[in-house]
Amino acid sequence: MQLLAYVLIYPLLWCVSMLPFRALYIFSDIICFFVYRVFGYRKQTVRKNLAIALPHLSPEERRAVERKFFTHMCDMFLEMIKTMNITDKEIRERFVFTNEEIIHDFERRGKSVALLCAHYASWEWLVVMGKYTSFKSIAIYKKIGNKYFDALVRRIRSRLNAELVESKKSIELIQYNNQHGIKAFYGFASDQSPQLSKAKYWDQFMGLEVPVHTGAEMLAKKLDLNVLFCKVEKVRRGYYKATLMPLVDNPKAVPDYEITSIYLREVEKQILEAPEYYFWTHNRWKHSGKKKPTDRTIGVPSL
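In this convention, every chain numbers its residues from 1, walking through the sequence in written order. This being a predicted model, a pLDDT of at least 70 is required before a residue's local features are given, and a value of 80 or more before pairs of side-chain atoms are given or counted; all residues contribute to the totals for chains, interfaces and linings. Each side-chain value is derived from all of the structure's non-hydrogen atoms; neither hydrogens nor water enter the calculation.

(A) Quick look at empty space enclosed by the protein. Lining residues are those with an atom within 4 Å of a point, where the points come from a 1 Å grid over the protein atoms alone and group into cavities, where a 1.4 Å probe fits but cannot get out, or pockets, open sets with protein on both sides within 12 Å along at least five of seven lines. Grid points are joined across faces, edges and corners, and a volume is the space filled by probe spheres set on the points. One pass over the structure, following the stated rule, counts three cavities of 30 Å³ or more. Of the voids in this model, the largest cavity is the one considered here, and its volume is about 40 Å³. If you trace the largest cavity, you find it lined by Leu116, Ser190, His213, Thr214, Gly215, Ala216, Glu217, Thr260 and Tyr263. Mapped onto the lining of the largest cavity, the elements with two or more residues apiece are helix 9 (215–223) and helix 10 (258–273). For helices the rule is a DSSP run of H or I covering at least 4 residues; for strands it is a run of E covering at least 2, with both sets numbered from the N terminus onward. Broken down by element, the residue count for the lining of the largest cavity peaks at three residues, all from helix 9.

(B) Main features of helix 1 (residues 2–17). One fewer than the residue count of a helix, multiplied by 1.5 Å, yields its expected span. An ideal rise of 1.5 Å per residue puts 22 Å on 16 residues; helix 1 measures up with 21 Å between its terminal C-alpha atoms. The largest bend along helix 1 measures about 30° and falls at Ile9, with the proline Pro11 one to four residues further on. For every residue, the accessible area obtained with a 1.4 Å probe (protein chains only) is divided by the maximum for its type, and the residue is called buried under 20%, exposed over 50%, and partly exposed between those limits. Along helix 1, the residues classified as buried are Tyr6, Leu13, Val16 and Ser17. For this analysis, residues touch if any pair of their heavy atoms sits within 4.5 Å. Buried-residue contacts for helix 1 involve helix 2 (21–38), helix 4 (59–82) and helix 7 (147–159). Bend is the name given here to the angle between axes fitted to two runs of seven residues, the run ending at a residue and the run starting at it.

(C) Structural view of helix 6 (residues 101–108). Turning to helix 6, its buried residues number three or more, namely Ile102, Ile103, Phe106 and Glu107. Projection of helix 6 onto a plane perpendicular to its axis shows the buried side chains occupying an angular sector of 145°, all on one side. Considering only its buried residues, helix 6 is in contact with strand 1 (95–97), strand 2 (113–117), strand 5 (184–189), strand 8 (226–236) and strand 9 (239–246). Of the residues trailing helix 6, Gly110 is marked for its positive phi of about 75°. For this quantity, the arc is that covered by the directions from the helix axis to the C-beta atoms.

(D) Just the nonpolar core, in detail. Here, the term nonpolar core denotes a set of buried Ala, Val, Leu, Ile, Met, Phe, Trp, Tyr and Cys residues that are joined through side-chain atoms within 4.5 Å. If you look at the biggest cluster of nonpolar residues, it comprises 90 residues, and the most contacted ones within it are Phe95, Phe97, Phe205 and Trp280. Considering every element that reaches this core, the biggest residue donor is helix 4, with seven residues. Residues in contact with Trp280, not counting those within four places in the same chain, are Thr45, Val46, Asn49, Leu50, Ala53, Leu54, Phe69, Ile271, Pro275 and Trp285.

(E) Summary view of the confidence of the model for the protein chain. Put simply, the protein chain has an average pLDDT of 92, and 96% of its residues get 70 or more. Confidence per residue, as judged by the predictor, is encoded in pLDDT with a range of 0 to 100. Within the protein chain, no element has a lower average pLDDT than helix 7, which sits at 88, and none a higher one than helix 2, at 98. Under a pLDDT of 50 for its full length, residues 297–303 has, in the predicted model, 23 contacts with residues more than four places off or in other chains.

(F) Broad picture of the pattern of salt bridges. Take a side-chain nitrogen of Lys or Arg and a carboxyl oxygen of Asp or Glu: if they are within 4 Å of each other, that pair is a salt bridge. Tallied over the full model, the rule gives 19 salt bridges. As a salt-bridge pair, Asp75 and Lys234 come within 3.7 Å of each other at their nearest N and O atoms. Note that Asp75 is positioned in helix 4 and Lys234 in strand 8, a separation of 159 residues in sequence. Accessibility expressed as a relative area gives 1% for Asp75, which makes it buried. A residue is classified by how much of its surface remains accessible, and Lys234, at 13% relative accessible area, is buried. With its nearest N and O atoms 2.0 Å apart, the salt bridge here joins Glu124 to Arg157.

(G) Fine view of the environment of Trp14. Following the sequence through the fold, Trp14 ends up in helix 1. Sequence separation between Trp14 and Lys231 is 217 residues, and the spatial gap between their C-alpha atoms is 30 Å.

(H) Structural detail: the sheet that holds strand 8. The strand order across the open sheet built from seven strands is 1-9-8-2-5-3-4, with neighbouring strands paired in mixed fashion. Looking along the sheet, the strands with just one partner apiece sit at the ends: strand 1 and strand 4 (162–166). The mean angle between the axes of side-by-side strands here comes to 30°, regardless of whether they run parallel or antiparallel. Here, strands pair whenever DSSP counts at least two bridges between them. Two strands pair when backbone bridges link them, and strand 3 (residues 136–141) and strand 5 are joined in this way by four bridges, in the parallel orientation. The residue bridging Lys136 from the neighbouring strand is Ala184, located in strand 5. To get an axis, a line is fitted to the C-alpha atoms, and for a helix only the part in contact is used. The angle between two axes follows their N-to-C directions and goes from 0 to 180 degrees. Across the sheet, helix 8 (residues 167–179) touches strand 3, strand 4 and strand 5, and the angle it forms with strand 4 is around 120°.

The structure is reproduced here in structure tokens:
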């Protein structure tokens, strides 16, 4: 059944990826009409999340954010498909690093980098960093259930000099690379909710206490990785800019969870600046109020 689904859907994906950008966004508007207006995909989850995270906005203002979000979500989904056949010139024009020199500065430091980002604007196109660095570019991700589509995603990322590694295998890989002198930028999108059973640390996020992924920080401390935050902004439809921000100078020297907390504050700033570009369909605040007395204990990193 997995193969059948792949065989049936792949030709459609390939055709979409060949559309010029103008046609791509017309198609996105059509899809958005059905996703938002007809089927109401996760609309109640989005409204609930917006009410939780943005209580300072009026219902009318939150509804405007909601409409813009669904348009952006459909755009981003089609942009991900477009990556199958996008040219180097196109993606370099559409995803720009405002301070590319920081990449090379951190290369000269001679240590691998934990690159923290959020599910905001275009985290998919962030993998283009592999075109800008002599280090390996490795994104930590959750494996897709269909092995054929999972292989397709890996092939797409490899076109941009990026490698994907499953979260459950990431610790082993990073340790191996560290022992063998292999330098890399490791991308962590750590703003979504970990499983409650794996929650080791809780922090305030948009006004509510929630469990937080701490794997990037724990690995940075254990393996002496430099730490950067990547702030991605949507300039206009189909165009993004990314700014790299050092979070701390010496990860080992800061108290536990401070890096994670600093990271969350940066994500909050992004959301408040332009909330329509955050990934609101994820039920981020579902575990709020479920914290146990032992949840701040350091344990196995949650990735």
